[in-house]
Every structure is written in structure tokens, then in C-alpha cells.
Amino acid sequence: MDKLRAMITGIEGYVPEYRLTNKELETLVDTNDEWILTRTGIRERRILKGDDQGTSVMGAAAVQGLLEKTGTKPEEIDLIICATVTPDLPFPATANIIADKVGAKNSFSFDLAAACSGFLFALNVGSQFIQSGTHKKVVVVGADKMSSIVDYSDRTTCILFGDGAGAVLLEPTTEEMGIMDSILKSDGSGEPFLHMKAGGSRRPATHETVDKREHFAYQEGATVFKFAVTNMADVSAEVMERNGLQGEDVAWLVPHQANKRIIDATANRMGIGPDKVMMNIERYGNTTAATIPLCLWEYEKQLKKGDNLILAAFGGGFTWGATYLKWAYDPK
Ligand SMILES: CC(C)(COP(=O)(O)OP(=O)(O)OC[C@H]1O[C@@H](n2cnc3c(N)ncnc32)[C@H](O)[C@@H]1OP(=O)(O)O)[C@@H](O)C(=O)NCCC(=O)NCCS
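As the structure is a prediction and not an experimental result, all values here were calculated from the model. (Residues numbered from 1 in each chain as written. Predicted model: local features only at pLDDT ≥ 70, side-chain atom pairs only at ≥ 80, totals over all residues. Heavy atoms only, no water.)

**What to know about the sheet that holds strand β8 (residues 178-186)**
And step 1. Taken in spatial order, the 4 strands make up an open sheet running β8-β13-β12-β11, and their pairing is mixed. Sheet topology places β8 and β11 (252-255) at the edges, where each strand pairs with a single neighbour. Going across the sheet, the axis of each strand differs from the next one's by a mean of 15°, ignoring polarity.
And step 2. As paired elements, β8 and strand β13 (residues 319-326) share 8 bridges and run antiparallel to each other. Paired with Ser182 across the strands is Thr323, a residue of β13. (Pairing = 2+ DSSP bridges. Helix = DSSP H or I, 4+ residues; strand = E, 2+ residues; numbered from the N terminus. Axes fitted to C-alpha atoms, helices over the stretch in contact; angles between N-to-C directions.)

Spelled out as C-alpha cells, the structure:
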């Protein structure tokens, strides 16, 4: 029997309207547009405003658009995986809420937490359900409302993050297309450098945790930066090497958008020129699980069937990985 692979057959993104510019951040913390732009490559990020507006609002908008675009009925979806570190609630899973919002009555759904590598991990988990032949239409959504866990009095983190969501549809193929190979890694000893101190079972919310501002993302930027550059480049180079790919064979590098300097260093190490690197960090900042699908969504019209893509991510945990993907369709 021919080997089944999972291919992406559609992609959609969603970003909220409100733009938080570097200029506005200058009014909140001691920073400036020039510092942010040169140190990170970010000019503005989108913020989801309004009461009772959680991550599922953006995730559901992306999935709804994906279903319309691909002519898929909600009842046809077998599985929805939502990668997020900012779920609407600790439980139920945001994926369940999204499934309900879009009317995916026949799907099972769950969340996956791998921070900025969340979309890549979820893509590979979803791909396994396709490859095994048990499921035919799997939706993978990366969505984060980072503004809900960012401390807007901490200039070292608040400049980095934004809100957004992106979703892909995975379907089976027997062609040499889709997800070809992946290397996925995690190392729990990275916890002290990037985490949220309270709000989980170890340190549930109390007046003290709120007073100490422990419900926000905490990061030691310089350490994370070093790990990100080394690890993302290492796995990307390894996945290329074991598939016999040189820089010139890769049509696009699709990197997690954390810092333009990390992206440039990774591309450089892989021998990939800047014109072949997907980048939208300038307009959205780091949207955590949403960065990679948002990039694919914005570059979709430039992608051709058979293009070799390397998706690369690094995030809290630490978590990191690279996926070699053969794009499965021409622009529609
Ligand atoms: C956060 C980050 C942008 C900081 O950049 P950096 O070049 O490492 O800067 P440093 O932390 O060394 O700080 C350099 C100086 O700028 C200052 N600084 C930090 N944030 C600033 C800001 N927003 N505006 C102005 N100055 C700032 C620091 O206080 C420091 O000043 P000092 O030298 O007087 O102590 C960078 O470390 C980074 O991108 N890290 C990785 C982030 C990441 O990938 N996170 C998500 C993982 S998925």
C-alpha cells in the first residue's frame, strides 16, 4: 500500500484590528522606536481588545475562514488541535470552544502547550492522525492572546509580543507531498529562563501572586536569545542534511517570529538568502503559536506546488524543532 502523508490543503489567518505601535509603547515604558526596531525588527503588534474576548475568538475566526476558503463543511472535520499558551480558561480546552463556535460537531479536539513551538508540534501530532489513516480532515490552529499575559510595565518583554491566530487543514495524500520529515525537541531545564510564575497548580492565584505580578510571562531575554539561535539553526541544518537539501533547494524558510536577529542568524547558518525567508515580525511581533501559520497565510500566493519549505521554531520549555514540508498546491 502507498505511504500516506499529511499535506496542507488550506491556510487562513486572523489578526485583531488594534495596532499597538512602538510609539504607543513609548508612553507606557522607558523605551523608544529606534531601540525596538534595531534590537527586534518589530514596529507594531495587534491586540485583541474588548471584554470576554479570549484566544478562541481569534482561533475560531481563522478556522471559520479556512472552512469557507477550502469548501469544507464543519461536520467533516475529524480533529481540531489548538496550540496555545493563553487558553480561554484552564479547562475546557480552547480547541473544544473553537469546535463549538465553528460547528465542528463530529470532531474531537484538544489543546497542545509547547509555547512558541506549539504550532510545529501540533502540526506533527495532527499529521500522525492522517498518516495512520484513521482521520481524514484535521485542523491545526495556532492561537495566542499574548496581551493577556504580558506585563506592560516590563520593557524587556512588552515590546515583543502580539495577538493572532492561524489555521491549516491537513488531508491525506499518497504523492511525495506534505510533511516529509521533522525533528522535534524539548528540554525542561529551560524553565527558569521563560515561564509564568503563578496561576498553575504549583502556585495558584492569590492576592500575593497578583501583587507580585507573577501572572505575566517572565523572560531572561539574553539567555533565551542564545539558546534560540543555536537550537533552531541546529535542527534546521540537521533536517536539511538528512534529506539531502542544500540552501538552494529550499524555496522558503518559515521561521518562528521572535526576533529578526534570531531569524537572520538561522537563515545565515542554513545558507538561505533573505529573499527566501518569510517575515512579518515587523507588523505582528511574536504571536507565539500563531507566527508560522500567519507567515504561510501571508505568503500563500507566492507558494507553488512542490516548493521545499523548512518550518523552524523555538520557544519556552525549552521547545524547538524543524519540519521539512513539500508545499502541495499552486496559488488558487
Ligand atoms: C529581549 C531582547 C530583545 C533584548 O535584547 P538584547 O539585545 O538581548 O538586550 P539586553 O537584554 O542585553 O539589554 C541591553 C540593554 O537594553 C536595555 N533594554 C532592554 N529592553 C529595552 C527596551 N525595550 N528599550 C530600551 N532599552 C531596553 C537593557 O536594560 C540593557 O540596558 P543596560 O545595558 O543598561 O543594562 C532579546 O534578548 C531577545 O529577543 N531575546 C529572545 C526573545 C525571544 O526569542 N523570546 C521568545 C522565545 S520564543
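**A few points about the nonpolar core**
And step 1. Residues Leu170, Val254, Leu296, Leu309 and Trp327 are the most contacted members of the largest nonpolar core, which totals 34 residues.
And step 2. When residues of this core are traced back to their parent elements, those giving at least two are β1 (5-14), β4 (79-83), α5 (118-131), β6 (138-145), β7 (163-173), β11, α11 (291-299) and β12 (308-315).
And step 3. Counting residues per element, this core draws most heavily on α5, at 6 residues.
And step 4. In this view, Leu170 contacts Ala6, Met7, Ile8, Leu123, Gly126, Ser127, Ile130, Lys136, Lys137, Val138, Val140 and Ile179; residues no more than four positions away in its chain are not counted.
And step 5. Grouped together as the second largest cluster of nonpolar side chains are 25 residues, Val239, Ile262, Ala267 and Ile272 included. (Core = buried A, V, L, I, M, F, W, Y, C linked by side-chain atoms within 4.5 Å. Buried < 20%, exposed > 50% of the residue type's maximum accessible area, 1.4 Å probe, protein only. Contact = heavy atoms within 4.5 Å.)

**Section: helix α3 (residues 55-70)**
Residues lying three or four places apart along an α-helix face the same way, a consequence of the helix completing one turn every 3.6 residues.
And step 1. An ideal rise of 1.5 Å per residue puts 22 Å on 16 residues; α3 measures up with 23 Å between its terminal C-alpha atoms.
And step 2. For α3, the set of buried residues is Thr55, Ser56, Met58, Gly59, Ala60, Ala62, Val63, Gly65, Leu66 and Leu67.
And step 3. Looking at the buried residues of α3, the elements they touch are β1, α4 (94-102), β6 and β7.
And step 4. In the segment just after α3, Gly71 is the residue with positive phi, at about 60°. (Expected span 1.5 Å × (residues − 1).)

Scope: geometric values only; no functional claims are made or implied.
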